[in-house]
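# Coordinate analysis (summary)
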There are 2 protein chains.
Amino acid sequence: MTEYDLRVNADRLNRRIAELAEFGQLPGGGVSRVAFSEADVEGRRYAMSLMQNAGLNVRVDPAGNILGRREGGVAGEGVILVGSHIDTVPDGGAYDGALGSLAAIEVAHTLTHAGYRNRHPLDIVIWCDEESGLTGSRGFVGELSTDDMSRPGKDGTTLAEKVRRIGGDPARIHEAKPEPGSIAAYLELHVEQGSILHSEGIDVGIVQGFVGVQHYDVVIKGVPNHAGTTPMDRRSNALLTASELVLAVDRIVKSTPGRQVGTVGRLIVRPGAANVIPGQVDLTVELRDMDMTSLQPIWEAISKELEDLSAKHDTTVSYELRQSLEGTVTDPGLRAVIAEVSKDLGLSSTEMPSGAGHDAQKLTKVCSAGMIFVPSVGGVSHSPDEFTRPEDVANGANVLLQSVLKVDMM
Amino acid sequence: MTEYDLRVNADRLNRRIAELAEFGQLPGGGVSRVAFSEADVEGRRYAMSLMQNAGLNVRVDPAGNILGRREGGVAGEGVILVGSHIDTVPDGGAYDGALGSLAAIEVAHTLTHAGYRNRHPLDIVIWCDEESGLTGSRGFVGELSTDDMSRPGKDGTTLAEKVRRIGGDPARIHEAKPEPGSIAAYLELHVEQGSILHSEGIDVGIVQGFVGVQHYDVVIKGVPNHAGTTPMDRRSNALLTASELVLAVDRIVKSTPGRQVGTVGRLIVRPGAANVIPGQVDLTVELRDMDMTSLQPIWEAISKELEDLSAKHDTTVSYELRQSLEGTVTDPGLRAVIAEVSKDLGLSSTEMPSGAGHDAQKLTKVCSAGMIFVPSVGGVSHSPDEFTRPEDVANGANVLLQSVLKVDMM
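Residues numbered from 1 in each chain as written. Chains lettered and ligands numbered in written order. Predicted model: local features only at pLDDT ≥ 70, side-chain atom pairs only at ≥ 80, totals over all residues. Heavy atoms only, no water.

## Some points on the relation of the copies chain A and chain B
When chain A is fitted to chain B, the best match, at an RMSD of 0.1 Å, comes from turning it 180° and sliding it 0.1 Å along the axis. Each copy turns onto its partner about a two-fold axis. Closest approach to the rotation axis within chain A is made by the C-alpha atom of Ser243(A), at a distance of 2.2 Å. Both copies present the same face, since 100% of the interface residues in chain A are matched by interface residues at the equivalent positions in chain B. (Least-squares fit on C-alpha atoms with pLDDT ≥ 70 in both. Contact = heavy atoms within 4.5 Å.)

In structure tokens form, the structure reads like this:
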């Protein structure tokens, strides 16, 4: 038996996914393991016990990331970093993040059990607070300053206080960043969160890169008058402008050639009473594409239409670009590794962009990064109904294991 | 000098409107004197002191309404009831309700000061909790049961507990209703809350009646997927259906002949995150007209379009009629009185429907009711910017005074 014959214990892995889901489980079946919550702290404790059980030397870095080390046998080789996150959105599912984290631990467990002597040091990582903005991986690549840490969040608590709560050391946040060149590769397994693999019957997605995101905050103002006493022709109704904008975003994004997406996901009507004409609507327009240059003409078309609609409905508008994240690409060498390994395992694969942001996207700043997707049934994500079949869980973990072995021999 | 020459003290009345606005005044100039709040209790105390000062015998009825009696000189004559409310919406203005309440007290004050001997008993009334659903006047006309009183509200507190807090006696709620035939007339002065009188330069509005209201709750369901990973052609976006519905309501209501209005005032997007496709939208459709039969074909057209839109966007819908209030008319005799008095005072007047609900609407169930409007500058209402000019305040109060005198002599 060679290392090519090594396989993860799929039953153990699927069982552990179910066990982790018990931390933060809601009566309706959803999982709320929001970063820094009591459930998150308990889930982290559970994960650390599994890491110790896999023979790893566990520590928490200044940014609150959990790292479990398996030392390498050859001096001077760069670290192979493998992992994901275990925090969830409120009322989320059991697979997003959890799959990749537990599979990474399973890879280490399998190597330890087999007595495999890795040449490179192997670090299994569980990133802190992925869902609210990639906090842990941003800290790891040096994007978080002590200022960022000490600014109070929406809940009035600073990130520093939260990170401290889970064993991080925000005063030493700059020490979270590894020495340049010290990491050989980062690999992450994740559920697709989209419906492409499942609907096309493909086993493995090889992530080409992460789409860029432009997020605009739009404010539309009308006059909040009495809905009974104000005749139809004397209204300044902010919701009429907003409704036409929602439809315009959908129409413009769909009618432009390409794979971009555009969404109005948040829309708040003020004052929001049945008997008051909407005086203000606050909404978000989010655009995503691998190629950010394609988003510019789309936003120009949307904002031009917004001005016209606002005049038509006697309202006023303002907007600002709230967030702009460039698209990033994964390492071609690692993509080739994943493709080869998948083929060797008898699995079908395809290259695809990731519409969602992931920690791997941040890791591209400090090392070669590769990412593996497995199918999400129906593409359902961030939902209690999120599901990935046990055989796809096993496939993904074995692709991850064999990719780690192949990189270790490079 | 005869009673026809009596006039209110307009300076005192305008000063008192400003004084009452201090109870619940917000830094931005708005007034939050929400029923049963500390500010409301203080405002009620202030109003009761003015009533006592006007020589009235003050009591609080079981429904929490404040009544101030000036006894009549002729046995067996029905009560003339005059008043309004002093509670406000959150962040409302200084005139809605306050004007009619303080003008009614001013009428009594003027009569007392002049030594006028009224034939009918005169009751000045301040209705309890108008804004959240005409609580006090509903109790007065017998529409509130002890069951209604003991059901917990949205804040977990029963109406009974709240009414008790302001001196009412919910266990005796049925005693709030007057003996049949014991009330000769109800008169109320109020700001228009619309822009018709102000924009057309008319001094006095004579309310023909109160429009009926149909309020539907609509729920649209899609699938709340990840906004980055779900291609545009695989979405089930509840907000697309909702946006087209908002526009359809506006279009159908406007294109049907008549004075009806239709509004989507509340619209809540779930889960409401910038990066999640809207999985559910809850919204209200409110239709109003004097003639309820005209609303039926309008709702039929809207609901048919809703079904079509829902199918088009791959969403599902459900709706229910949440509230249906019939339109009611005021007393023709009292309308004639108000018209005549206005003319005698040299004021222009017009008959008009009231788009808003008022306590007077409930009073039509137990007596003849009449209602007087004065202009709202710009039609602004339920807003810190609500304003009625001091001369219009004086005009309205004098029309009220002379109408009371005319009814007293009937």
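Now that the structure is up, let's keep going.
## Considerations on the pairing of strand 10 (residues 280-289) of chain B
Residues and elements named next belong to chain B. When you tally the buried positions in strand 10, you get nine out of 10 residues, the bulk of the element. Where strand 7 (residues 212-221) meets strand 10, 10 bridges bridge the pair, whose relative direction is antiparallel. Bridge pairing in strand 10 links Asp217 to Thr284. Both strand 8 (residues 261-263) and strand 10 contribute to a ladder of three bridges, which runs antiparallel. Bridge pairing links Val261 to Arg288 in strand 10. The pairing of strand 9 (residues 267-270) with strand 10 spans four bridges and is antiparallel. (Buried < 20%, exposed > 50% of the residue type's maximum accessible area, 1.4 Å probe, protein only. Helix = DSSP H or I, 4+ residues; strand = E, 2+ residues; numbered from the N terminus. Pairing = 2+ DSSP bridges.)

## Describing the environment of Asp291(B)
Residue and element names in this part refer to chain B. By secondary structure assignment, the location of Asp291 is in the loop between strand 10 and helix 9 (295-312). As a C-alpha pair, Asp291 and Asn14 span 277 residues in sequence and 37 Å in three-dimensional space. At 2.6 Å, the side chain of Asp291 and the side chain of Thr293 are in polar contact. (Polar contact = N/O pair within 3.5 Å; in protein donor to acceptor, adjacent residues only side chain to side chain.)

## Some details on the nonpolar core
Counting residues in each nonpolar core, the largest one holds 60 residues, and the members touching the most others are Leu267(A), Leu283(A), Val285(A), Leu267(B) and Leu283(B). In this structure, Leu267(A) is in contact with Leu239(A), Ala242(A), Val246(A), Val281(A), Asp282(A), Leu283(A), Leu239(B), Leu267(B) and Val269(B), ignoring residues within four places of it in sequence. Within the second largest apolar cluster, 53 residues are counted, among which are Ile80(A), Val82(A), Tyr116(A) and Leu405(A). (Core = buried A, V, L, I, M, F, W, Y, C linked by side-chain atoms within 4.5 Å.)

## What about empty space enclosed by the protein?
All told, the structure shown has six cavities of 30 Å³ or more when counted by the stated rule. Taken together, Val246(A), Val249(A), Asp250(A), Gly262(A), Thr263(A), Val264(A), Met232(B), Arg235(B), Asn237(B), Leu239(B) and Leu240(B) make up the lining of the largest cavity. When contributions to the lining of the largest cavity are tallied by element, the ones reaching two or more residues are helix 8 (238-255) and strand 8 (261-263) of chain A together with helix 8 (238-255) of chain B. With three residues, helix 8 of chain A is the single largest residue contributor to the lining of the largest cavity. Tallied by class, the residues present in the lining of the largest cavity amount to six nonpolar, three polar and two charged. There is about 60 Å³ of room inside the second largest cavity. The wall of the second largest cavity is formed by Met232(A), Arg235(A), Asn237(A), Leu240(A), Val246(B), Val249(B), Asp250(B), Gly262(B), Thr263(B) and Val264(B). (1 Å grid on protein atoms, 1.4 Å probe; cavity = no way out; pocket = protein on both sides within 12 Å on 5 of 7 lines; lining within 4 Å. Points joined across faces, edges and corners; volume = space filled by probe spheres on them. Nonpolar A, V, L, I, M, F, W, Y, C, P; charged D, E, K, R; others polar.)

## Here's the deal with the pattern of salt bridges
One pass over the structure, following the stated rule, counts 46 salt bridges over all chains. The partner of Arg172(A) in a salt bridge is Glu175(A), and the shortest N-O contact between them spans 2.9 Å. The exposure class of Arg172(A) is partly exposed, given its relative accessible area of 37%. Salt-bridge contacts for Asp392(B) lead to Arg389(B); the nearest nitrogen and oxygen are separated by 2.8 Å. Residue classification places Asp392(B) among the buried positions, given a relative accessible area of 2%. Connected through salt bridges with shared partners, the residues Arg138(A), Glu143(A), Lys362(A) and Lys365(A) form a single ionic network. (Salt bridge = Lys/Arg side-chain N within 4 Å of Asp/Glu carboxyl O.)

## Section: the interface of chain A and chain B
At the junction of the two partners, chain A supplies 53 residues and chain B supplies 53 residues. Where chain A abuts chain B, roughly 4300 Å² becomes buried across the two surfaces, and 59% of that area is made up of carbon and sulfur atoms. Linking chain A with chain B are zero salt bridges, by the criterion used here. Linking chain A with chain B are 11 residue pairs in polar contact (both at pLDDT 80 or more). Among the elements of the structure, helix 7 (196-200), helix 8, strand 8, strand 9 (267-270) and strand 10 (280-289) of chain A are those that each provide at least two residues to the side of chain A that touches chain B. It is helix 8 of chain A that provides the largest number of residues to the side of chain A that touches chain B, a total of nine residues. (Buried area = accessible area lost by both parts, 1.4 Å probe.)

## Description of unusual backbone geometry
Residues and elements named next belong to chain A. For the bond from Arg270 to Pro271, the omega torsion is 0°, close enough to zero to count as cis. Within the secondary structure, Pro271 is located in the loop between strand 9 and strand 10. Look at Asp314: it is not a glycine, yet its phi comes out positive at around 60°. Looking at where Asp314 falls in the secondary structure, it is placed in the loop between helix 9 (295-312) and strand 11 (316-325).

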